[in-house]
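# Survey of secondary and tertiary structure
In case you want the letters, here they are:
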Amino acid sequence: MKGASTSSEPTRAKALWLNGKILPWEDGRVHLMTHTLHYGLGVFEGIRFYKRGDGRSAVFRLDDHIRRLFDSAHICLMQLPYSPEDVADACVEMVRANDMAEGYIRPIAYIAEGAMGLGATDNPIHVAVMVYPWGAYLGVDGLKHGIRAKISSFARHHVNSGMAKGKICGQYVNSILAKREAKLAKYDEAIMLDTDGYVAEASGENVFMVRDGVLRTPPLSSSVLGGITRATIIALSHEIGLPVIRQKFSRDELYTADEVFLTGTAAEITPVREVDDRRIGSGRPGQWTQRFQELFFEIVRGTDSKHMEWLRFTEAPASAAKASNA
Ligand code: PMP
């Protein structure tokens, strides 16, 4: 399948961007008194860029990711010392500087050293952008044949405890606990319920189910991240005429779904073939799941030109390349 690579590449590259400067990868270090390292208030993004059918690389939905980064910072009362355009440009610049055709972009904003009290409103905010290779997050086999998921014993944060609309560093402790529990129990991924017992999201993905020709996913008012892949699937479902409703559902509705799949920048569109040892549908990726995978990979890696607004090409314009060679 197009879109298949491994998730075991080392997460390192040549250069990174820190506070407006391009540095060698090895110089991307923080002080041990970095506030975010101790308490977790920081915000980040996960973005992918792909090599398309014509050989050019493009970042997928860069502006949407940057907007969410700034929304996350706003939720956290963090004032980033760069504009959204600066950070978006840094992402593209890092793809070029590392000479990578495909990979993952990780912008992060964190509270640097200074006061160690919790408020620390005067500590500087640092912003960094790293780019590194990252294959299929839940494995090539998972992407192709589907994964086995477990309902977590850890609930997603109540909407008034965690701020689910923010991609906030410390909130990932909840996800990591769920992920580790699932992995130790020999499942591939954890699906988390909200504090009322309804399905929320997976440790790093949104959840979709299909039953009787209707696509369902929890609403944004649930304790879920506003996934950019989720929004992509909703847009595509309108285009292919599959009715979609944003509605809470229970774990047994998942068990009895015709199809279940997870969406995320890292996981892309990963079919779920079992939940808590209950086979989903035929136990193989369903027709709609496969259709979404085909559409998605055709946009990011193929030649589909219906959604050029989602792609930011990373090649330097010919005139700039000429000037830099001069
Ligand atoms: N939920 C959580 C908790 C996540 O970490 C992610 C990954 N960013 C998602 C959902 C999916 O979001 P996106 O499609 O924007 O990557």
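Residues numbered from 1 in each chain as written. Predicted model: local features only at pLDDT ≥ 70, side-chain atom pairs only at ≥ 80, totals over all residues. Heavy atoms only, no water.

All right, on to the overall build of the protein chain then. When helices and strands are counted, the protein chain shows nine helices and 17 strands. Relative to the compact-globule value of 20 Å for 326 residues, the protein chain shows a C-alpha radius of gyration of 20 Å, a close match. In terms of principal-axis extent, the alpha carbons of the protein chain reach across some 60 × 50 × 30 Å. Residue pairs in contact within the protein chain that sit at least 24 positions apart in sequence constitute 73% of those at least 6 positions apart. Here the protein chain carries 39 positive and 39 negative side-chain charges, and the mean point of each set is 3 Å from the other. (Helix = DSSP H or I, 4+ residues; strand = E, 2+ residues; numbered from the N terminus. Rg over C-alpha atoms; globule rule 2.2 N^0.38 Å. Contact = heavy atoms within 4.5 Å. Lys, Arg positive; Asp, Glu negative; His and termini not counted. Charge placed at Lys NZ, Arg CZ, Asp CG, Glu CD.)

For the rest of this paragraph, the subject is the pairing of strand β14 (residues 259–264). Burial of β14 is extensive: six of the six residues sit out of reach of the surface. Where burial is concerned, the two faces of β14 agree: the one with Glu 259, Phe 261 and Thr 263 and the one with Val 260, Leu 262 and Gly 264 are both buried. Pairing of strand β11 (residues 206–211) with β14, which is carried by five bridges, proceeds in the antiparallel orientation. Paired with Met 209 across the strands is Val 260, a residue of β14. Direction of pairing for β14 relative to strand β15 (residues 268–275): antiparallel, over a ladder of five bridges. (Buried < 20%, exposed > 50% of the residue type's maximum accessible area, 1.4 Å probe, protein only. Pairing = 2+ DSSP bridges.)

Turning to the site of the ligand, a few remarks are in order. Lining the immediate environment of the ligand, one finds 16 residues, of which Tyr 172, Glu 201, Ile 228, Thr 229 and Thr 265 sit closest. Contact distances for the ligand include 2.6 Å between an oxygen atom and a side-chain N or O atom of Thr 265. Here the ligand, which alone exposes 390 Å², has 95% of that area covered by the protein. Breaking the shell around the ligand down by element, the ones donating at least two residues are α6 (228–240) and β14. Classifying every residue of the shell around the ligand gives three nonpolar, eight polar and five charged. (Near = heavy atom within 4 Å. Polar contact = N/O pair within 3.5 Å; in protein donor to acceptor, adjacent residues only side chain to side chain. Areas by Shrake-Rupley, 256 points an atom, 1.4 Å probe, with all protein chains shown as cover. Nonpolar A, V, L, I, M, F, W, Y, C, P; charged D, E, K, R; others polar.)

Here the protein chain is described as being made up of domain 1 (15–132) and domain 2 (140–300). A separation of 26 Å is found between the C-alpha centroids of domain 1 and domain 2. On the domain 2 side, the residues contacting the 23 residues of domain 1 number 22 residues. Summed over both sides, the interface of domain 1 with domain 2 buries roughly 1,800 Å², with 65% coming from carbon and sulfur. (Domains from an automatic or database assignment. Buried area = accessible area lost by both parts, 1.4 Å probe.)

Across soluble globular proteins, nonpolar side chains have a tendency to be buried as a group. Counting 40 residues, the largest nonpolar core has Val 43, Leu 62, Met 78, Leu 80, Ile 105 and Val 129 as the members making the most contacts within it. Looking at this core, the elements with two or more residues in it are β1 (15–18), β4 (47–51), α2 (62–75), α3 (84–97), β6 (103–111) and β7 (125–132). One finds Tyr 50, Ala 58, Ile 240 and Trp 288 within the second-largest nonpolar core, a separate group that totals 24 residues. (Core = buried A, V, L, I, M, F, W, Y, C linked by side-chain atoms within 4.5 Å.)

As for its position among the elements, Leu 23 is in strand β2 (residues 21–24). With near-sequence residues (within four places) excluded, Leu 23 lies in contact with Lys 14, Ala 15, Leu 16 and Leu 18.

Below, the discussion takes up the packing of α6 against helix α8 (residues 287–300). Here α6 crosses α8 at 105 degrees, and the two axes come no closer than 11 Å. As the angle between them shows, α6 and α8 are arranged roughly perpendicular. Counted together, Thr 229, Thr 232, Ile 233, Leu 236, Ser 237 and Ile 240 of α6 and Trp 288, Arg 291, Phe 292, Leu 295, Phe 296 and Ile 299 of α8 form the full contact between these two elements. Of the residues in the contact of α6 with α8, the class split is eight nonpolar, three polar and one charged. (Axes fitted to C-alpha atoms, helices over the stretch in contact; angles between N-to-C directions. Parallel < 35°, antiparallel > 145°, perpendicular 65-115°, else oblique.)

When you tally the buried positions in β4, you get four out of five residues, the bulk of the element. Two strands pair when backbone bridges link them, and β4 and β6 are joined in this way by three bridges, in the antiparallel orientation. Counterpart to Ile 47 in the pairing with β6 is Ile 105. Relative to strand β5 (residues 57–60), β4 runs antiparallel, the two being bridged by three bridges. Looking at β5, one finds that Phe 49 is bridged to Val 59.

Its 14 residues place the ends of α8 20 Å apart at the C-alpha level, agreeing with the 20 Å of an ideal helix rising 1.5 Å per residue. For α8, the full list of buried residues reads Trp 288, Thr 289, Phe 292, Gln 293, Phe 296, Phe 297, Ile 299 and Val 300. For α8, the angular spread of the buried residues around the axis is 160 degrees, confining them to a single face. Opposite its buried face, α8 presents the exposed residues Gln 287 and Glu 294, each directed more than 90 degrees away. (Expected span 1.5 Å × (residues − 1). Arc of directions from axis to C-beta.)

Time to look at the environment of Asn 160. Looking at the secondary structure, you find Asn 160 in the loop between β8 (147–151) and α5 (172–184). Sequence-wise, Asn 160 and Met 78 are 82 residues apart; in three dimensions their C-alpha atoms are separated by 19 Å.

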